[in-house]
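A structural walkthrough
Listed here are the chains, written in short residue letters.
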Amino acid sequence: MTSILIVGAGHASAQLCASLREQGHDGPITLVGAEPHLPYHRPPLSKTFVKDPAAELTPIRAAAWYAGQGVDTRLGEKVVAIDRQAREIVLDGGERLGYDVLVLATGARARRLPGLDGMANVLLLRDAADAGALRDALAGVGSVTVVGGGFIGLEFAATARALGRSVRVIEMAPRLLARAVSTTMSDYILALHRGAGLDIALAARIDEIRNRDGRVTELVVDGRAEPVELLVIGIGAEPNIELARDAGLACDNGIVVDERMRTEDPAILAIGDCTSFPRNGARMRLESVQNANDQARTAVATAMGRDEPYGATPWFWSEQGSMRLQIAGLVPADSAGVLRPGKSPDHFSVLHFDAGGALVAVESVNSPGDHMMARKLVAAGIKVEPARMADPAVALKEFLEG
């Protein structure tokens, strides 16, 4: 029986375990995770978990499920090396675990600003420990400075503002979420957060970080000194590639895999936030629950000898204060898109088409029905007249019906 060893305990790993058993794999499965927790839902960390002192982590699957499915969970243990020749991994205590198939689901870690490690009032947000530290720190401050206007930074900023804190967001780019959303959506999100009382600086430059007695006291932004109580860094993430790289596997902004999640070693697969995978003739890395789950399903097919290359349509979501943003497809760089109005100014979608008229992405605000249809339309590569699709009197499902 093929033994499958999984390194990492996030969304991708949980889906991998479930899909293996659902697809009939009856061999040994071992899950090794550095955190002391079973795989848990991570999106609430920047919202409910930080906001509510009574909130607890929500496991994706309960401990009883893993036990019932015969999955051996090794939690709180760090993998320090891969011995490809022996087909073994090495734990930090020296123990070796063998495998027939190794799946790397090592995820990503929050990117840091240099020189701030160890500062008592500088925090990140990536995992449960980070979220717990932030929740404790928020209780003792009246103001928060967030560096980074990406998804994590804005989700946390909205949460802190809802808790009554004064919030300053510092973003170096000329618009919010510049790598992920359209110019239209950036403008809307900026107005939404400013309307909720967030102080947001765009195209900002941090000239100096001042500290005293192990704490950051001031940021000098565009030549002006600003006091800091609590500094939260939300400037993106870096893939955890060290295990793969040190084992001699190719890495390029992630662990390099093919369409079937295979690394250059036929016995090693990689899935989730840590992977660099091919799409439309280029390599990319996606950080999303959907991508983690879909790549896990592809890896299961590969491990079980089926040829099912990864080709899922990407989709994402983000909850920021009163806004639920859902995106189907990948928004073209610096696209404004075409507005499809909804029932109110806070319910709408933005449609994006390629040069040939095919729908390639849809951003939806508080419009889950649009989003669900958009995922089907983008996957189908529907070609339509943009003005007709933008007409709210025309139901999106009509475009699928021909």
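See above for the structure.
A few points on the structure. (Residues numbered from 1 in each chain as written. Predicted model: local features only at pLDDT ≥ 70, side-chain atom pairs only at ≥ 80, totals over all residues. Heavy atoms only, no water.)

**With respect to the packing of aromatic side chains**
According to the stated counting rule, one finds 4 aromatic pairs in the structure shown. Summarising the aromatic geometry, the rings of W65 and Y66 are spaced 5.1 Å apart at their centres and angled 90 degrees between planes, so their arrangement reads as edge-to-face. With relative accessibility at 1%, the residue Y66 sits in the buried group. Ring centres of Y188 and F348 lie 4.9 Å apart, and the angle between their planes is 80 degrees; on these two criteria the pair is classed as edge-to-face. Highlighted residues: Y188 in helix 6 (residues 183–195) and F348 in strand 25 (residues 347–353), separated in sequence by 160 residues. Since its relative accessible area comes to 15%, Y188 is described here as buried. Owing to a relative accessible area of 6%, F348 belongs among the buried residues under this scheme. (Phe/Tyr/Trp six-rings, centres within 6.5 Å; stacked < 30°, edge-to-face > 60°. Buried < 20%, exposed > 50% of the residue type's maximum accessible area, 1.4 Å probe, protein only. Helix = DSSP H or I, 4+ residues; strand = E, 2+ residues; numbered from the N terminus.)

**Remarks on the pattern of salt bridges**
In this structure the tally under the stated criterion is 31 salt bridges. E226 serves as the salt-bridge partner of R224, at 3.1 Å between the closest nitrogen and oxygen. Judged by its relative accessible area of 8%, E226 is buried. Its salt-bridge partner being D294, residue R297 comes within 2.9 Å of it at the nearest N-O pair. On the criterion of helical spacing, the pair formed by R297 and D294 is a turn pair, its members being 3 residues apart in helix 8 (residues 289–303). Looking at R297, the relative accessible area reads 41%, which means it is partly exposed. Of the residues examined, D294 reaches a relative accessible area of 18% and is grouped as buried. Salt bridges here are not isolated pairs; linked through shared partners, they connect R109, R111, E238 and E242. (Salt bridge = Lys/Arg side-chain N within 4 Å of Asp/Glu carboxyl O.)

**Comments concerning the pairing of strand 4 (residues 79–83)**
Pairing between strand 4 and strand 5 (residues 88–91): 4 bridges, direction antiparallel. Across the sheet, the residue bridging to A81 is V90, located in strand 5. Between strand 4 and strand 5, which pair antiparallel and follow one another directly, the connecting turn spans 4 residues, one of which, R87, has a positive phi of 55 degrees. (Pairing = 2+ DSSP bridges.)

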